[in-house]
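Listed below are the residues making up each chain.
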Amino acid sequence: MTLDWAHFTPWASLSGGLLIGLAAGILILGAGRIMGAAGILGGAVDPRPGDVGWRLWLIAGLLLAPSLLMLFSVARAPLIETSWPALILAGLLVGFGTRLASGCTSGHGVCGLSRLSPRSIAATALFMLSGFATVFVVRHVLS
Amino acid sequence: MRNILSLAVGLVFGIGLCVSGMTEPAKVLGFLDLAGLWDPSLAFVMGGAIAIGLVAFSFAKRRTAALNGEPMQMPTARAIDRPLVVGSLIFGIGWSLAGICPGPGVVNVGFLNPRALVFVAAMAIGMLAYKLVIGLRLPAAGPIGQDA
């Protein structure tokens, strides 16, 4: 294993992680809800009466975050290089898979691990594992 | 109150994702590529988030109501069942094809990135497809709060 020192950002990533944990902490202690992006989006796509508004406000916050950051000119626009067909397939799999698994990187990976939930520990291990395997196949077998 | 709080949470979550580098697919893929040049940044994001999360959830677990008076909706499911396993494996494949998971996908729409918009639209269709497939087999959805 070779470390990618040129792209490794320990401090920025740790600080960003602390902010993500802070957001999750505010939501669970303040409103009693789990900060899982897939769960929040899923409940907005397939709404239940009386349980939609807060999801839309949270999604609005996510959408406005780049603009707020750009006021201080520190945000870098992302570069998405995946081809269109692969991007659509990726979106479909992420949407379906996270609903089936009841969570994603934030719901299971951040909140679930913070709760020490065995279910979330299993989920995180499995999506990491299939992520490692997929990248290996795409980058080192197919190309 | 809940709406303002949710907006603030979304902003802090989104800014955290940007600062951490997780809105950059290349950084996510750099973590998942163990056989190439490996970028461990994602582990630091998780570590930072969980460090705060452990404290917050240890308080939350001891409460029955949130500070705004609403019930604490802590997930109740315990079983490591087939949907969890299969769903996580499917999610991992999609996540690593594009280097985008649900949170960063939405934030990247906020950057007005057309590719992110297509990803999020496909993700919404995937979520609706789940409802169609599973809705046909299960009569009722589980209680609110089961979603992690």
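Residues numbered from 1 in each chain as written. Chains lettered and ligands numbered in written order. Predicted model: local features only at pLDDT ≥ 70, side-chain atom pairs only at ≥ 80, totals over all residues.

Visitor: Mind showing me how you'd approach the overall build of chain A here?
Guide: Looking only at helices and strands, chain A features six helices and one strand. The secondary structure elements of chain A, listed N-terminal to C-terminal, are β-α-α-α-α-α-α. Here chain A holds 143 residues, and the buried ones make up 55% of them. Residue pairs at least 24 apart in sequence account for 40% of intrachain contacts in chain A once pairs closer than 6 positions are excluded. (Helix = DSSP H or I, 4+ residues; strand = E, 2+ residues; numbered from the N terminus. Buried ≥ 20, exposed ≤ 12 C-beta atoms within 10 Å, placed from the backbone. Contact = placed C-beta atoms within 7 Å.)

Visitor: How should I be thinking about the overall build of chain B in this particular structure?
Guide: Across its full length, chain B carries six helices and one strand. Listed N to C, the secondary structure of chain B is α-α-β-α-α-α-α in terms of helices and strands. Taken along the three principal axes of its C-alpha coordinates, chain B extends 45 × 40 × 30 Å. Counting only residues that meet the buried cut, chain B has 55% of its 148 residues in that class. A sequence separation of at least 24 residues applies to 46% of the contacts in chain B between residues at least 6 apart.

Visitor: Please explain the environment of B:Gly36 as it appears in this structure.
Guide: Positionally, B:Gly36 belongs in the loop between helix 2 (25-32) and strand 1 (37-38). Remark: the alpha-carbon pair of B:Gly36 and B:Gly103, spanning 67 residues in sequence, is separated by 26 Å.

Visitor: What am I meant to see in the interface of chain B and chain A here?
Guide: It is common to give the size of an interface as the accessible area that goes away when the parts come together. Each partner contributes residues to the interface: chain B has 111 residues there, and chain A has 112 residues. Listed by contribution, the elements that provide at least two residues to the side of chain B that touches chain A are helix 1 (2-20), helix 2, strand 1, helix 3 (41-61), helix 4 (82-98), helix 5 (102-110) and helix 6 (114-135) of chain B. Among the elements that make up the side of chain B that touches chain A, the one with the highest residue count is helix 1 of chain B (18 residues). Here the residues of the side of chain B that touches chain A sort into 74 nonpolar, 27 polar and ten charged. The pairing of strand 1 (residues 2-3) of chain A with strand 1 of chain B spans two bridges and is parallel. (Nonpolar A, V, L, I, M, F, W, Y, C, P; charged D, E, K, R; others polar. Pairing = 2+ DSSP bridges.)

Visitor: Please clarify how helix 5 of chain B should be interpreted in this entry.
Guide: Helical geometry note: an α-helix holds 3.6 residues per turn, so side chains three or four residues apart project in the same direction. Most of helix 5 of chain B sits inside the fold, with nine of its nine residues counted as buried. One or two residues past the end of helix 5 of chain B sits B:Leu112, with phi positive at roughly 60°.

Visitor: Teacher, can you tell me more about the packing of helix 5 (residues 105-114) of chain A against helix 6 (residues 118-141) of chain A here?
Guide: Helix packing geometry: the angle between the two helix axes and the distance between the axes. All names here are of chain A. Their axes nearest at 8 Å, the elements helix 5 and helix 6 cross at an angle of 145°. Crossing of helix 5 against helix 6: the hand is left-handed. The residues of helix 6 that touch helix 5, namely those facing His-108, Gly-109, Gly-112 and Leu-113, are Arg-119, Ser-120, Ile-121, Ala-123 and Thr-124. Its residues assigned to classes, the contact of helix 5 with helix 6 comprises three nonpolar, five polar and one charged. (Axes fitted to C-alpha atoms, helices over the stretch in contact; angles between N-to-C directions. Left-handed = near helix turned anticlockwise from the far one by under 90°.)

Visitor: Is there a simple way to think about helix 2 of chain B in this case?
Guide: Burial within helix 2 of chain B is extensive, with seven of its eight residues counted as buried. Listing the buried residues of helix 2 of chain B in full gives B:Pro25, B:Lys27, B:Val28, B:Leu29, B:Gly30, B:Phe31 and B:Leu32. Contact partners of the buried residues in helix 2 of chain B: helix 6 of chain A together with strand 1, helix 3 and helix 4 of chain B.

Visitor: Would you mind going over unusual backbone geometry with me for this structure?
Guide: Most peptide bonds are trans, and most residues other than glycine sit at a negative phi. Phi angles above zero are rare outside glycine, and A:Ser102 is one such case at about 60°. When you line up the elements, A:Ser102 lands in the loop between helix 4 (84-100) and helix 5. The class for A:Ser102 is buried, based on 26 C-beta atoms found within 10 Å. The residue B:Leu112 is not glycine, and still its phi comes out positive at about 60°. If you trace the backbone, B:Leu112 turns up in the loop between helix 5 and helix 6.

Visitor: Quick question: what am I supposed to make of the confidence of the model for chain A here?
Guide: Should the pLDDT be low somewhere, the predicted coordinates at that spot are not to be read in detail. Residues with a pLDDT of 70 or more make up 100% of chain A, whose mean pLDDT is 95. Confidence, expressed as mean pLDDT per element, reaches its minimum in chain A at strand 1 of chain A with 92 and its maximum at helix 4 of chain A with 98. (pLDDT = per-residue confidence, 0-100.)

Visitor: For this particular structure, what's the right way to read the packing of helix 2 (residues 37-45) of chain A against helix 3 (residues 53-71) of chain A?
Guide: Residues and elements named next belong to chain A. The interhelical angle for the contact between helix 2 and helix 3, taken along N-to-C directions, is 125°, at an axis separation of 9 Å. Compared by their axis directions, helix 2 and helix 3 come out oblique. The chirality of how helix 2 crosses helix 3 is left-handed. On helix 3, the residues that touch Ile-40, Leu-41, Gly-43 and Ala-44 of helix 2 are Arg-55, Leu-56, Leu-58 and Ile-59. By residue class, the composition of the contact of helix 2 with helix 3 is six nonpolar, one polar and one charged. (Parallel < 35°, antiparallel > 145°, perpendicular 65-115°, else oblique.)

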